[in-house]
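Okay, here's what each chain looks like letter by letter:
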Amino acid sequence: MKQKEGFVLRTVCGENVIVGEGLGTIDFGKLISLNETAAWLWKKAGEMGDFSISSLTAALCEEYEVGAAQAESDVTKMVAQWQEIGIIEE
């Protein structure tokens, strides 16, 4: 998976939000608010380029004190949300 081009993380009024920039996101009229951990995952996914649930899970476990099972559950839910709103692609 990878992030769709044109979607970037910004800080707006102290909140982490993903916004669409450019012509490719012209029909995307949303701001997606992320908590600190979700914003970290978005940045990490961007650094990786191609990412998977397992690669993000491993990175999350390295960065935060969280068990593998909980990390995988959280990453799976977050990636599913990103897929549902169309900001990542296979």
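The notes below deal with the structure included here.

## Overview of the overall build of the chain
Logical step 1: Tallying secondary structure elements over the chain gives three helices and five strands in all.
Logical step 2: For 90 residues, the compact-globule formula gives about 12 Å, and the C-alpha radius of gyration of the chain, at 13 Å, lands near that figure.
Logical step 3: For the chain, the C-alpha atoms occupy an extent of roughly 40 × 30 × 20 Å along the three principal directions.
Logical step 4: Counting contacts in the chain only where the partners sit at least 6 residues apart, residues at least 24 apart contribute 46% of the total.
Logical step 5: Element-wise, carbon and sulfur atoms account for 48% of the exposed surface of the chain, whose accessible area totals about 5,600 Å².
Logical step 6: Distance from the positive charge centre (7 side chains) to the negative charge centre (15 side chains) of the chain: 4 Å.

## Some points on the packing of aromatic side chains
Logical step 1: Throughout the structure, instances matching the rule amount to two aromatic pairs.
Logical step 2: Measuring from centroid to centroid gives 5.7 Å for Trp40 and Tyr64, while their planes differ by 85 degrees, and the two rings are edge-to-face. Of this pair, Trp40 sits in helix α1 (residues 36-48) while Tyr64 sits in the loop between α2 (53-63) and α3 (68-85), and the two are 24 residues apart along the sequence.
Logical step 3: Exposure remark for Trp40: the relative accessible area of 16% places this residue in the buried category.

## A few points about α3
Since there are 3.6 residues in each turn of an α-helix, residues three or four apart along the chain are aligned in direction.
Logical step 1: Along its 18 residues, α3 runs 26 Å from first to last C-alpha, staying within 8% of the 26 Å computed at 1.5 Å per residue.
Logical step 2: Listing the buried residues of α3 in full gives Ala71, Val75, Met78, Val79 and Trp82. Projection of α3 onto a plane perpendicular to its axis shows the buried side chains occupying an angular sector of 100 degrees, all on one side. Of the exposed residues in α3, the ones pointing more than 90 degrees away from its buried face are Ala69, Lys77 and Glu84.
Logical step 3: Where the residues of α3 are buried, they touch β4 (32-34), α1, α2 and β5 (88-89).

## So, the pattern of salt bridges
Logical step 1: This model, assessed by the stated rule, comprises three salt bridges.
Logical step 2: Lys2 is the partner of Glu89 in a salt bridge, and the nearest nitrogen-oxygen pair spans 4.0 Å. Within this pair, whereas Glu89 is found in strand β5, its partner Lys2 is found in strand β1 (residues 2-3), the two being separated by 87 residues in sequence.
Logical step 3: With relative accessibility at 32%, the residue Glu89 sits in the partly exposed group.
Logical step 4: Residue class for Lys2 comes out partly exposed when judged on its relative accessible area of 35%.
Logical step 5: For Glu21, the salt bridge goes to Arg10, with nearest N and O atoms at 2.8 Å. One end of the pair, Glu21, is in the loop between β3 (15-20) and β4; the other, Arg10, is in strand β2 (residues 7-12), with 11 residues separating them in the sequence.
Logical step 6: On the basis of relative accessibility, which here comes to 35%, the residue Glu21 falls in the partly exposed class.
Logical step 7: Its relative accessible area of 38% is what places Arg10 among the partly exposed residues.

Calculation notes
Residues numbered from 1 in each chain as written. Predicted model: local features only at pLDDT ≥ 70, side-chain atom pairs only at ≥ 80, totals over all residues. Heavy atoms only, no water. Helix = DSSP H or I, 4+ residues; strand = E, 2+ residues; numbered from the N terminus. Rg over C-alpha atoms; globule rule 2.2 N^0.38 Å. Contact = heavy atoms within 4.5 Å. Areas by Shrake-Rupley, 256 points an atom, 1.4 Å probe, with all protein chains shown as cover. Lys, Arg positive; Asp, Glu negative; His and termini not counted. Charge placed at Lys NZ, Arg CZ, Asp CG, Glu CD. Phe/Tyr/Trp six-rings, centres within 6.5 Å; stacked < 30°, edge-to-face > 60°. Buried < 20%, exposed > 50% of the residue type's maximum accessible area, 1.4 Å probe, protein only. Expected span 1.5 Å × (residues − 1). Arc of directions from axis to C-beta. Salt bridge = Lys/Arg side-chain N within 4 Å of Asp/Glu carboxyl O.

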